[in-house]
Amino acid sequence: MSEDNRHNTLPYIVATHSNHPPQLFLRFFRWFCHPELRRHIEGDLVELYHLQRVRAGKRKADIRFAIDVMLLFRPGIIGPIKSDVNLNHYGMLKSYFITSWRTITKNKGFAAINVFGLAIGLAACLLILQFVIFELSFDTFHSKLDRTYRVTNDRFQNGKLIQHGTITYPTIGPVMARDYPEIEDYVRIMPGGTLNVRIDDKNFRGDDSYFTDQNFFTVFDFKLLAGDRKTLLKDPYTAVLTESTARKYFSPDSNNLSTLIGKTFYWGLDPQPYEVKGIVSNPPANSHFQFAALISYSTVTTTDKDADISWTWSDMYHYLVLKPGTDPKSLEKKFEDFSERYFKGDKVTGSIEKFYLQPMRKTHLYSDYEYDFAVTASGKAVWAMVIVAVFILVIAWINYVNLTTSRAMERAKEVGLRKVMGAFKSQLVSQFILESLLITGAAALIAIILVTSLQPSFNQLVGTGLTWNLLVENLTTQQVAIIIAGLVGGALIAGMYPAFILSRYQPVMVLKGKFARSATGNFFRKSLVIFQFTASAALITGTLIVTRQIEFMNKAELGFGLNNIVVVRSPELLAYDSTFITRVEDFKEALKQFSSVTNATTSWRIPGDRLGRAFNIRIDGQPAETHYTVSHVGVDYDYFKTMGVRVIAGRPFLPSDHHANFEKLNTIIINKNAMHLFGFANPDDALGRDVLWGNDGTRKWKIIGVVNDYHQEGLQKPMEPMLFRPAYSPGSPISIKVQGANIDQTLAGIEGIYKKFFPGNSFEYFFLESQYKRQYQDDNRFGKVITIFTVLAMIVASLGMIGLSSYTALQRTKEIGIRKVLGASVSNIVSILSFGFIKLVLIAALFSLPIAYYFMNEWLQGYAYRINLGWLLFALPVIIVVLIAAVTIFFQVLKAALTKPAETLKYE
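It should be emphasised that the depicted structure is a prediction, and the values quoted were computed from it without experimental measurement.

### Re the overall build of the chain
The helix and strand inventory of the chain stands at 31 helices and 22 strands. Per-residue burial over the chain gives 50% buried out of 908 residues. A separation threshold of at least 6 residues defines the contact pool for the chain, and within that pool the share at least 24 residues apart is 79%. With the model as given, the accessible surface of the chain reaches about 42300 Å², and the carbon-plus-sulfur share is 59%.

### Some words on unusual backbone geometry
In the Ramachandran plot, aspartate 200 falls in the positive-phi region, its phi being about 60 degrees despite a non-glycine side chain. Inspection of the secondary structure puts aspartate 200 in the loop between β3 (183–199) and β4 (202–212). We note that asparagine 564 has phi near 60 degrees; this positive angle belongs to a residue other than glycine.

### Structural notes on the pattern of salt bridges
Taken as a whole and assessed by the stated rule, the structure comprises 40 salt bridges. For glutamate 353, the salt bridge is made with arginine 155, and the minimal N-O distance between the two is 3.1 Å. Residue glutamate 353 is found in strand β11 (residues 352–359), and its partner arginine 155 is found in strand β1 (residues 148–157); the two are separated by 198 residues along the sequence. Take glutamate 353 and arginine 155: they sit in the same class, and that class is buried. The salt bridge partner of lysine 588 is aspartate 636, with a shortest N-O separation of 2.6 Å. Taken as a pair, lysine 588 in helix α21 (residues 580–591) and aspartate 636 in the loop between β15 (628–635) and α22 (639–643) lie far apart in primary sequence, 48 residues in all. Neither residue differs from the other here; lysine 588 and aspartate 636 are each classed as buried.

### As for a nonpolar patch on the surface
A contiguous nonpolar patch, built from Trp871, Leu872, Leu876, Ile879, Ile880 and Leu883 and spanning about 610 Å² of accessible area, is present on the exposed surface. On the secondary structure map, isoleucine 879 appears in helix α30 (residues 872–897).

### Looking at the environment of leucine 471
Its place among the elements puts leucine 471 in helix α17 (residues 468–474). Owing to a relative accessible area of 9%, leucine 471 belongs among the buried residues under this scheme. C-alpha of leucine 471 to C-alpha of phenylalanine 134: the two residues are 337 residues apart in sequence and 7.0 Å apart in space. If sequence neighbours within four positions are ignored, leucine 471 has contacts with Leu129, Gln130 and Ile133.

### Considerations on the packing of helix α3 (residues 35–56) against helix α4 (residues 58–72)
Where α3 meets α4, the closest approach of the two axes is 8 Å, and the angle between their N-to-C directions is 150 degrees. Relative to α4, the element α3 is oriented roughly antiparallel. Crossing angle aside, the handedness with which α3 passes α4 is right-handed. Of the residues in α4, those in contact with Ile41, Leu45, Leu48, Tyr49, Gln52, Arg53 and Ala56 of α3 are Lys58, Lys60, Ala61, Asp62, Arg64, Phe65, Asp68, Val69 and Leu72.

### Topic: the pairing of strand β18 (residues 690–693)
Across the two faces of β18 the burial is the same, with Asp690 and Leu692 and Val691 and Trp693 all buried. Relative to β18, strand β14 (residues 612–619) runs antiparallel, the two being bridged by 3 bridges. Counterpart to isoleucine 619 in the pairing with β18 is valine 691. Sheet analysis places β18 next to strand β19 (residues 700–707), joined by 3 bridges and oriented antiparallel. Directly across from leucine 692, in β19, lies its bridge partner lysine 700.

### Here we look at the nonpolar core
Counting residues in hydrophobic clusters, the biggest one holds 139 residues, and the most contacted among them are Met385, Phe533, Phe724 and Phe789. If one sorts the elements of this core by residue count, helix α6 (residues 108–136) sits on top with 19 residues. Excluding anything up to four places from it in sequence, phenylalanine 724 contacts Val633, Val635, Tyr639, Phe640, Phe653, Thr667, Ile668, Ile669, Val707 and Tyr710.

### Details of the packing of aromatic side chains
In the structure shown here, the tally under the stated rule is 61 aromatic pairs. Pairing phenylalanine 216 with phenylalanine 291 gives two aromatic rings, centres 6.1 Å apart and planes at 85 degrees, and the pair type is edge-to-face. Of this pair, phenylalanine 216 sits in helix α8 (residues 216–219) while phenylalanine 291 sits in the loop between β8 (273–280) and β9 (293–296); the two residues are 75 residues apart in sequence, bridging distant segments of the chain. Considered together, phenylalanine 216 and phenylalanine 291 belong to a single accessibility category, that of buried residues. When the ring of tryptophan 311 is compared with that of phenylalanine 343, the centres are 5.5 Å apart and the planes differ by 85 degrees; the resulting orientation is edge-to-face. Note that tryptophan 311 is positioned in the loop between α11 (306–309) and β10 (317–322) and phenylalanine 343 in helix α13 (residues 335–343), a separation of 32 residues in sequence. Assessed through its relative accessible area of 0%, phenylalanine 343 is described here as buried. Taken together, Phe141, Tyr210, Phe216, Phe217, Phe220, Phe222, Phe289, Phe291, Tyr317, Tyr319 and Phe373 form an aromatic cluster joined through their ring pairs. When the ring centre of phenylalanine 615 is taken as origin, the NZ or CZ atom of arginine 155, which lies over that ring, is 3.5 Å away. Stacked on the ring of phenylalanine 156, the Lys or Arg lysine 354 has its end atom at 5.1 Å from the ring centre.

### So, the side chain of serine 631
As for its placement among the helices and strands, serine 631 is situated in strand β15. Overall, serine 631 belongs to the buried group, its relative accessible area being 2%. Engagement of the side chain of serine 631 in a polar contact is seen with the side chain of glutamate 720, the distance being 2.6 Å. Excluding residues that lie within four positions of it along the chain, serine 631 makes contacts with Arg610, Leu611, Gly612, Arg613, Glu720, Pro721, Met722 and Leu723.

Reading the values: the criteria
Residues numbered from 1 in each chain as written. Predicted model: local features only at pLDDT ≥ 70, side-chain atom pairs only at ≥ 80, totals over all residues. Heavy atoms only, no water. Helix = DSSP H or I, 4+ residues; strand = E, 2+ residues; numbered from the N terminus. Buried < 20%, exposed > 50% of the residue type's maximum accessible area, 1.4 Å probe, protein only. Contact = heavy atoms within 4.5 Å. Areas by Shrake-Rupley, 256 points an atom, 1.4 Å probe, with all protein chains shown as cover. Salt bridge = Lys/Arg side-chain N within 4 Å of Asp/Glu carboxyl O. Patch = residues over 30% accessible without salt bridge, like charges linked within 9 Å, V, L, I, M, F, W, Y side chains within 5 Å. Axes fitted to C-alpha atoms, helices over the stretch in contact; angles between N-to-C directions. Parallel < 35°, antiparallel > 145°, perpendicular 65-115°, else oblique. Left-handed = near helix turned anticlockwise from the far one by under 90°. Pairing = 2+ DSSP bridges. Core = buried A, V, L, I, M, F, W, Y, C linked by side-chain atoms within 4.5 Å. Phe/Tyr/Trp six-rings, centres within 6.5 Å; stacked < 30°, edge-to-face > 60°. Lys NZ or Arg CZ within 6 Å of the ring centre and 35° of its normal. Polar contact = N/O pair within 3.5 Å; in protein donor to acceptor, adjacent residues only side chain to side chain.

Right, dumping it as C-alpha cells:
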C-alpha cells in the first residue's frame, strides 16, 4: 500500500474498529501536535497501535500507545500556542536553553542538590512503583477476574467467632450454583498435600497438589500447553501438570510437551496409576494460586462419597463466577437463608455458619483468613510504601521550590532587565519552566541508572524478580495515566510556582534596589520545610516502631524451645500398619545413640503450623447443647520433653497411651487455655475428667495432664485452647533436638540412620527456628524496606536543608561581618543562623507525633501480641530529626561564621 493510500484509508479503519486507542492520550496528542504534522504522525501511531494489539493484546497496546504519545511530546513536534509566544520557534527555544544551561552551571552547588535530591526521590519512587504495581497486578490475567469470588465463612459458637476462614464444605459450590441463578459457574479446590511421585525407580516429592473440578479451566485462564481442554480433570486418577513439574518427572527430549500426554505416575504407595491428561504453563508469579499438579476431583469421590455430599467435612475452597451485571452484595444477603436451610441453625456443625463473597481481585492483598492457601501480602504495607514514595518525591520537589524561591533576590535583577528589554511574562515563565524540566530530566536519567544498578539488591530484599519489562507488562492504561499525571504534573507544579513568583517582579522596583522579600513567600517556604520534616519525622517514628515490633516478635518467649531442633520430613513411602509405631520408635532410639542428639519426637504438626480444629467438644456431664472449639494435634510421648513444653499438672504421655488402632486411644492432654475454656478453676480440677469428642458425641477421652500455653503460631495470632492426643501418622515429621558445635557431622549421622531405616525414601530436613520465623517474613521485609526508604527521605530532606542554610548564610554575609566586628563569637553567630531552621524542624517533629501515633497504633492492631507505644518511641525520633538537622546546618553556617570580617564586609 502506498504512503498516500495508507493514510487515506487509515481513518476509516480506525473509525470502524471496535478497539480504539486510549482516547485520553489520543486527544492529548491532537492538542499538542503541530497541525501540519498531526495527520501523518497520527496515522503511524494508530497503525502501530493496531499491530501491537494483534501481537500482544489490547492492554499492552494501550500502554505502548500512551508511552509513544508521551515520547512525542518534544519541541520539534509541539504546535504553536495561541498567545504572544510561539513555543515552537527554534531561536526562542535555543535562547531559553542556553540561558537555562548558563544559570544551572553558574550555580553548580544548588543545581547538584536539586538534581541529586530529585534523582534519589525518583529512584526511590521507581523502585517502590515496580513493587507496588506487581503486588496490584495479582490475578489480572484471568478474563473473569471481576466476576469471580471466593466463598468465605465465619463460624460462631456460643455467640463467639471461632473461625474466620476460607475452607468450607464439599457441597457449598455445587449447591449454591444450583440454588442461585446469578451464579454462572463454580469450581472446588481441595489441597492434596505433597505430591510424592514414583516413576519407575525414581521418587519425587515436595510439589503442591490440589484436587479440583473439571470446570477449573473455565473459571481460571491458566495457559494450556498440551491436552484437550474438554476432557481435562474429567475422569478419576487423571492429572494436569505444570510445565516445570512435567519436565522434572519425565525429562522430555524435545519441547513438544504433547508427547507427555498419556504418561503415568504413582502417588506414594497408591497402587492406582495416575494418567497425565494435560500440561499447563507454570502459574505466573502474580497468581495467588500456585500449584504443581491438579488432580481430578472425581478421584476423591471415587474412594469417599462424602466428598460430594458432606456438610461437615471442611477442607474445600470454592470459587464462584457470577453472571454479568450481578450485584454480589445482593447475592450475599441470600446466604443467610442458605445457611439456615442447610445447617438448621447450629444443628449440623454445632456452630452458626455465615457465608460471604470475597472478590478474587482482593485475595492477594486483603485476606486475613485462617487456613488460606493463597499467596497473600499486606495491602496496608503496600499502600504504606506508596505513601512513602509520594513523601520522598514531594520532599524532593519541595527542595526545588525552596531553593529556587530562596534565590529570588539574585534572580530578581535578571527578571527586571529582561522585562525592560521587552520580555513578556509568558516568556519568563517558559524560561523558568525549561530550567525545571532540564533539572528534572537530568534527575530522571540518573534515577534510571540508580534503579538499574540497585535492582538486584532490591529484588533480593523484597523477594521478587522485578524488572522494567515486568513493570510495563503489568501496568494498566489507568495506572499509566495516573503515574504520568503524577510525575509530570508534580514536576510542572514544582517548576511553575517559582516561575510565576519570579516572573511577576516589577522591573522599576527591582532596578531601583527596592526589592524586598515577601512575607508571604517566607511563610510559604517555612511551611514547606515544616512539611518536609514532619513527613521525615513521621517516617522515622514509624520505622522505629516497626523495627521494635519485629524485634519483639523475634525475641519473645514462646513457651517452648525453638533452638537446635532439626525437623526431618516424614518418609514418603511408609505405610501405616501394626508395625508402624515400632519402626518409628526404633528409629528414634537409634538417633539417641548419637551424643549430639538429646531427644526426638513425631507429631502431626510442628510449631508454626496451623492446627486443625474440633468443634463439637464438651465435658462429660455438661448439657448436650454445650459446644466448645479447640485446636488439636496428635503427638508421641516424647513431644513435650523434646519441645521443652512444661507439664504443670498430671503427667505427659507414656508409651502405654499409644496404640496402632486409633479407636483404642482414650487419653488426652490440654493446655491452660483449654482448661479455662472448659470451666476449670485450676489444673488439678481438670485431671481425670472425661471429654466427649467424636461424631456421635459419646466417645470419652480422659484428661491426664495440663501443659503451659505456648505460641503454636506467630505473635500475630493469639494462643488458642489446645488438645493433644497420643497419635502417630505416616505424614508426621520427625523433630530432633541436637546439641554441640559440629552440626554438619550430626546431620550426616542422622541421614545415615534415616536411610538405614527408610531405604528408598528421600532425606529432607530444615531447622525449626528458621521455619517458625518464616511467619515473620513479610514483617521483616516490610521493616527493611521502610527503613531504607526512610533513610532516603531524610537524605533528600537534608540536602534541601544544606542548600537553604548555605544560601541563607551567603545572603547574611555582611551581617556576619558586622556582628564579628562588634565582638560576636563564632558560637553566637552559629546559634543565630541555626536557630530559625532548628525551630522549624522542632515544630515539624512535634507535628509528626499525633500523625505517627494514629497510623502506627492502627498498624499494631494486626498483632495479637505487640509492644506498648511508650513516650520514648516518640521522643527519640524528635531527637534524631533535630540532631540530623543541626548537624546538617552546622557545617554550612560554621564556614560562614569563620570567614574573616575584612572579607565579609567587602561582600556586595
